Amino acid sequence: MSQAEFEALAEEALSTITEIAHGAAQKLAYEGHSSVNSFASGNTLTGGQAYQNYANISQANRDALTALKLEPSIARLVLSDEDGRTRVVYIARKSSLPLASGRQLASYGSPIGRLAELPVGEETSVTLGGQNQVLSLVEKTSFRPGLVDGEWDSTGNQYRHVDFGVFSIGSLRALLLAKGIDAGDELDQLLEQAAATSGVQEGISHQIRTAMGLRDQPILDQFQGEIFRLPLDSQLIILGPPGTGKTTTLIKRLGQKLDIDNLEENERRVTNVPGQSMPHDKSWLMFTPSELLKFYLKEAFNREQVPASDDHIKTWTSYRNDIARNTLGILRSANGGKYTFKPDMDNLTVSVIVDSRVWYEAFKNFHDQRLKNQLKDGATIVKESAPAVGMPIAEQLLQLADGLGTRAWMDVYRDLGKQEIQLKAALDESKSTTDDLLKRERNTAFNRDREVFQQLAVYLASLKQDDDELDEEADFDEDDAEVSDNPNGSDVQRAVKAYLSALRALARSRYRKRSLPKNSRASKVVNWLGDALPVETILLEIGQRISFQNGLRRFINAFRRYVSDVPTSYRLFRKDRSDVTEFYCTAATNPLHLSGTELDAIVLLMLRNCRALLSQSFIERDQDAPRYEFLRNLASLFKNQIMVDEATDFSLLQLACMESLTTLKGRSFFACGDFNQRITYSGIRAIEQIAWVSSRISVESINLVYRQSRKLNAFAGSLARLSGGDLSSLGELPKESTHEGVNPVLLEKVSEDEAAKWIAQRIAEVERVVKQMPTIAVLVNAEEDVKPMAERLTSHLESINLKAVACEEGKTLGEGADVRVFDIQHIKGLEFEAVFFVGVDRLAAQKPELFDRYLYVGATRAATYLGLVCYQSLPMKLQSLADRFDEKW
């Protein structure tokens, strides 16, 4: 490849990039004028929806043109067909437009755009204009275009040719400015004489990181491309070392699958979810472990022209707490709920935290058995308390209860649905008489003492809900509408309600010759009432009818309790198993407090049981019925696409919850992670655990690293081997990479101020070498170390006009050339040109189980420069690597 040929390539490329940008700007101007005229002449009163659709399309067009104006092209392909004819195609990230010059521009998502992923020399079949063609990729140039002083340039370009090999071109504009240098036609002369000026180098040269964020990879490689184009209803986890483009692949997949026009017909059917009000392009969620990574994910989505708000990118903890409080009714709010979340609660054993499967299955089985016992007890109660006309119903229910042992729940609920009308008629008839009796007793109490309910309200206000003993039987004394508290009700209304509830519970227990739970709310109210209670004969009359109703209610809308009773089942399960040392290391100090893992388990079982019900044809046929509103509300959580970044930091239960948020038809679930980067105790540890999350999830590995130098990649591999990590996930650099790098540096036996001074000196070295200020991170072991280290560093950096910024809790981001100081736990997924890890020896002492993984994560954030500081000595576990370090660069 001669200098003249590179120059011709640069000239054509810059001319085309300029033409695309100009064409996009012209169309933008026309779009604005056209939309104004269209809206001025239309009748918005009669065509509201049509106008809204037009507005949406116009906005989408403007967004696409704006993106094309800012980034005209990301690649140039030279393709050859079966007859040897060649064509040149420019590729844009997301959109396209016709060019006056006749040159062809295609979007990356188009059929021909897929060829950009191929290695040069390979061929594939594509459908163009309705005809199938076999095209081979002869030549590919990747661009990073930008305006410089009003003129287009592209820097960090990579050129690949099937015969000539791989070259890096620093700047297309500089290449043209170098015209006239007598380089000759020979490649060696080009490299020797012109490389310094034009920036042409053989192989893939390293691009210095000068801005924080996720690495932008406009074009995926062939393997990544195959993954991101998998059908919408696929489930996959991508495993691989840092810097392999895992997150980029997820983002590009999401962007492609959000565009309904990019979907195959069978994929479009998957997006058509009955009852779903959210449009397909809004029906997605991505989960990430940290707020900092969430910020940079938004930035990456923006580059792919995917609008991504806080509604779409979530940390699991914040999302789980929100749905547990506001949708599932697990956590308390002003409108109900059962538990208070205690994030620092530590009552579960390490074995449960590490692998929750046995514990979760025990809880699930307990819930199933409790529901069966409810129905069995209900049939017995109906038999004992039924009036003569109710005996046939009692016999039916006894027969159903006797067969529960071997039957699947869905079959039971299907049969109960057929008996619902008969059961409700019997319940309503009995309840009518009971309501009259209770109303009479309420009025008697009021007439005896007109202050009784006001005084009872005062007493109730003095009670603490946390102190109430659970009374399972009382749950069936009233209908759901009666049980629910009215948040807008008066104190007296709530007192009357508590009085009637206590009366029902007392009457039932007297009739059945049982005792009220000593510390239940009903027992406390009864004790407070003292002698102001109905006589025994009245209690027994009410008690018979309440018992009959109590038994019947267990069989009416029983399917609801398969989901809604999960939180109560967990409270009883924990009480029943609190002495099981395999599960619990200490008893909960409060029965209504939950740890994070416990909350995850309850959320998961509710979601899975809801999905099981919604997948039944007898519910699907009638899902708009009022009785299924509860299930519809939960189904509103389901999304057409669920994505998970840094999946190995999430627990089995958390990943299973995320998978359970997919729609029933599509079940689209994509995740990525690296077992060697797991820095949480609860994170998944092995591939076999993934199958428990969903048997449909397939596993793919990516090992080609685009981030690190050869020396740092080798060092990271050594760290993984020392920690007994997943050796199948070790990174490999592209063979064409020329990024050799330097050895890491080490400082030992110093004070904190001496460490800061040494880091400042190394930072100055890095800036001198790269001739600009690259991105630099300083990692410390804990949040309380962030600000002190930033202050010390700043005092030593002032002489070269730099400062260190304390990125506390990973939320403060810093600006421009700032040196950023982080707690190690907040920097997953990010990369920097240089990284310094301070207090490695202290981390080894504080967190021996996770120390090597934290070190691996810290080391793999660095592209070229890595520095370690030990206040005493290099930890024993790392002594075998001591000869890999230098003192300075």
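Scroll up for the structure.
Residues numbered from 1 in each chain as written. Predicted model: local features only at pLDDT ≥ 70, side-chain atom pairs only at ≥ 80, totals over all residues. Heavy atoms only, no water.

Trainee: Residues and numbers for the packing of aromatic side chains, please.
Mentor: The full count for this structure, using the stated rule, is 26 aromatic pairs. Ring centres of phenylalanine 453 and tyrosine 499 lie 5.4 Å apart, and the angle between their planes is 75 degrees; on these two criteria the pair is classed as edge-to-face. Highlighted residues: phenylalanine 453 in helix H14 (residues 452–462) and tyrosine 499 in helix H16 (residues 491–511), separated in sequence by 46 residues. Just as phenylalanine 453 is buried, tyrosine 499 falls in that class too. Here the aromatic residues Trp359, Phe363, Phe366, Tyr570, Phe573 and Phe583 are joined through ring pairs into a cluster of three or more. When the ring centre of tyrosine 108 is taken as origin, the NZ or CZ atom of arginine 229, which lies over that ring, is 5.5 Å away. Here the guanidinium or amino end of arginine 320 rests over the ring plane of phenylalanine 341, the centre of that ring lying 4.9 Å away. (Phe/Tyr/Trp six-rings, centres within 6.5 Å; stacked < 30°, edge-to-face > 60°. Helix = DSSP H or I, 4+ residues; strand = E, 2+ residues; numbered from the N terminus. Buried < 20%, exposed > 50% of the residue type's maximum accessible area, 1.4 Å probe, protein only. Lys NZ or Arg CZ within 6 Å of the ring centre and 35° of its normal.)

Trainee: So what about the pairing of strand S23 (residues 862–870)? Which residues, and what values?
Mentor: For S23, the tally of buried residues reaches 9 of 9 residues, placing the bulk of the element in the interior. Note that strand S18 (residues 745–748) and S23 share 4 bridges and pair parallel. When the sheet's bridge partners are listed, leucine 746 is paired in S23 with leucine 868. Sheet analysis places strand S22 (residues 832–838) next to S23, joined by 6 bridges and oriented parallel. Note that in S23 the partner of phenylalanine 836 across the bridge is glycine 867. (Pairing = 2+ DSSP bridges.)

Trainee: Can you lay out the sheet that holds strand S12 (residues 313–315) for me, pointing to particular residues and giving the numbers?
Mentor: Taken in spatial order, the 6 strands line up as S12-S11-S15-S16-S10-S17 in an open sheet, and their pairing is parallel. Of all strands in the sheet, those bounded by a partner on one side alone are S12 and strand S17 (698–701). Ignoring strand direction, the axes of neighbouring strands in this sheet form an average angle of 20 degrees. As judged from the 3 bridges shared by strand S15 (residues 641–644) and strand S16 (residues 669–673), these two strands associate in the parallel manner. Bridging from a neighbouring strand, valine 644 pairs with alanine 671 of S16. In the packing of helix H6 (residues 246–258) onto the sheet, the strands contacted are strand S10 (235–239), strand S11 (284–288), S15 and S16, and the crossing angle to S15 comes to about 170 degrees. (Axes fitted to C-alpha atoms, helices over the stretch in contact; angles between N-to-C directions. Contact = heavy atoms within 4.5 Å.)

Trainee: Give a detailed account of unusual backbone geometry, specifying residues and quantitative values.
Mentor: Despite not being glycine, lysine 749 has its phi angle at roughly 55 degrees, a positive value. Along the polypeptide, lysine 749 turns up in the loop between S18 and helix H27 (752–770). Unlike most non-glycine residues, lysine 771 shows phi in positive territory, near 65 degrees. Within the fold, lysine 771 resides in the loop between H27 and strand S19 (776–780). By relative accessible area, lysine 771 is classed as exposed at 73%.

Trainee: So, the environment of proline 591: which residues are in play, and what are the values?
Mentor: Note on placement: proline 591 falls in the loop between helix H20 (566–577) and strand S14 (593–594). Accessibility expressed as a relative area gives 35% for proline 591, which makes it partly exposed. Sequence-wise, proline 591 and leucine 727 are 136 residues apart; in three dimensions their C-alpha atoms are separated by 44 Å. When residues no more than four places from it in sequence are discounted, the contact partners of proline 591 are Tyr339, Asp466, Arg571 and Arg574.

Trainee: Give me the lowdown on the sheet that holds S23, citing residues and values where you can.
Mentor: Strand order in this open sheet of 6 strands is S18-S23-S22-S19-S21-S20, and the pairing throughout is parallel. Looking at strand neighbours, the two that pair on one side only are S18 and strand S20 (804–806), the edges of this open sheet. Mean inter-strand twist for the sheet, computed between neighbouring axes without regard to direction, equals 20 degrees. Helix-sheet contacts for helix H30 (residues 851–859) involve S19, S22 and S23, and the interaxial angle to S23 is about 140 degrees.

Trainee: Run through the state of the cysteines, naming residues and quoting values.
Mentor: Inspection of every chain in the model, using the stated rule, returns 0 disulfides. Sulfur of cysteine 672: no disulfide; nearest cysteine sulfur belongs to cysteine 657 and is 19 Å away. On the basis of relative accessibility, which here comes to 1%, the residue cysteine 672 falls in the buried class. (Disulfide = S-S within 2.5 Å.)

Trainee: Describe in detail helix H12 (residues 391–402), supporting the description with residues and values.
Mentor: Compared with the 16 Å implied by 1.5 Å per residue over 12 residues, the 16 Å span of H12 between its first and last C-alpha is a close match. On its buried face, H12 sits against helix H11 (357–385), helix H13 (409–448) and helix H18 (536–553). (Expected span 1.5 Å × (residues − 1).)

Trainee: Please set out the packing of H11 against H18 residue by residue, giving values where relevant.
Mentor: For the pair H11 and H18, interaxial distance at closest approach is 8 Å and the crossing angle is 150 degrees. Like other packed secondary-structure pairs, H11 and H18 cross with a definite hand, here left-handed. On the side of H11, the interface is formed by Gly378, Ile381, Val382 and Ser385, while H18 contributes Gln544, Ser547, Phe548, Asn550, Gly551 and Leu552. (Left-handed = near helix turned anticlockwise from the far one by under 90°.)

Trainee: Could you give an account of the nonpolar core, with specific residues and numbers?
Mentor: Core analysis: the largest hydrophobic core is formed by 93 residues, its most contacted members being Ile330, Trp359, Tyr413 and Leu631. Considering every element that reaches this core, the biggest residue donor is helix H21 (residues 596–614), with 11 residues. What tyrosine 413 contacts, discounting residues up to four positions off in sequence, is Leu371, Ala558, Phe559, Tyr562, Leu613 and Phe618. Membership of the second largest hydrophobic core comes to 59 residues, among which are Ala308, Ile313, Phe837 and Leu843. (Core = buried A, V, L, I, M, F, W, Y, C linked by side-chain atoms within 4.5 Å.)

Trainee: Run through the side chain of arginine 611, naming residues and quoting values.
Mentor: Summarising the element assignment, arginine 611 is placed in helix H21. Although buried, arginine 611 forms no salt bridge, and the nearest oppositely charged side chain, glutamate 659, lies 4.8 Å from it. Beyond its immediate chain neighbours, meaning those up to four positions away, arginine 611 contacts Phe638, Glu659, Ser660, Leu661, Thr662, Thr663, Leu664 and Arg667. (Lys, Arg positive; Asp, Glu negative; His and termini not counted. Salt bridge = Lys/Arg side-chain N within 4 Å of Asp/Glu carboxyl O.)

Trainee: Please give an account of the pattern of salt bridges that cites residues and values.
Mentor: In total, this model carries 41 salt bridges according to the counting rule given. For aspartate 471, the salt bridge is made with arginine 508, and the minimal N-O distance between the two is 4.0 Å. Placement of aspartate 471 in the loop between H14 and helix H15 (480–483) and of arginine 508 in helix H16 is noted, with a sequence separation of 37 residues between them. Classification of aspartate 471 by relative accessible area gives buried; the value is 12%. Overlapping salt bridges bring together Glu71, Arg93, Lys252 and Glu304 as one network.

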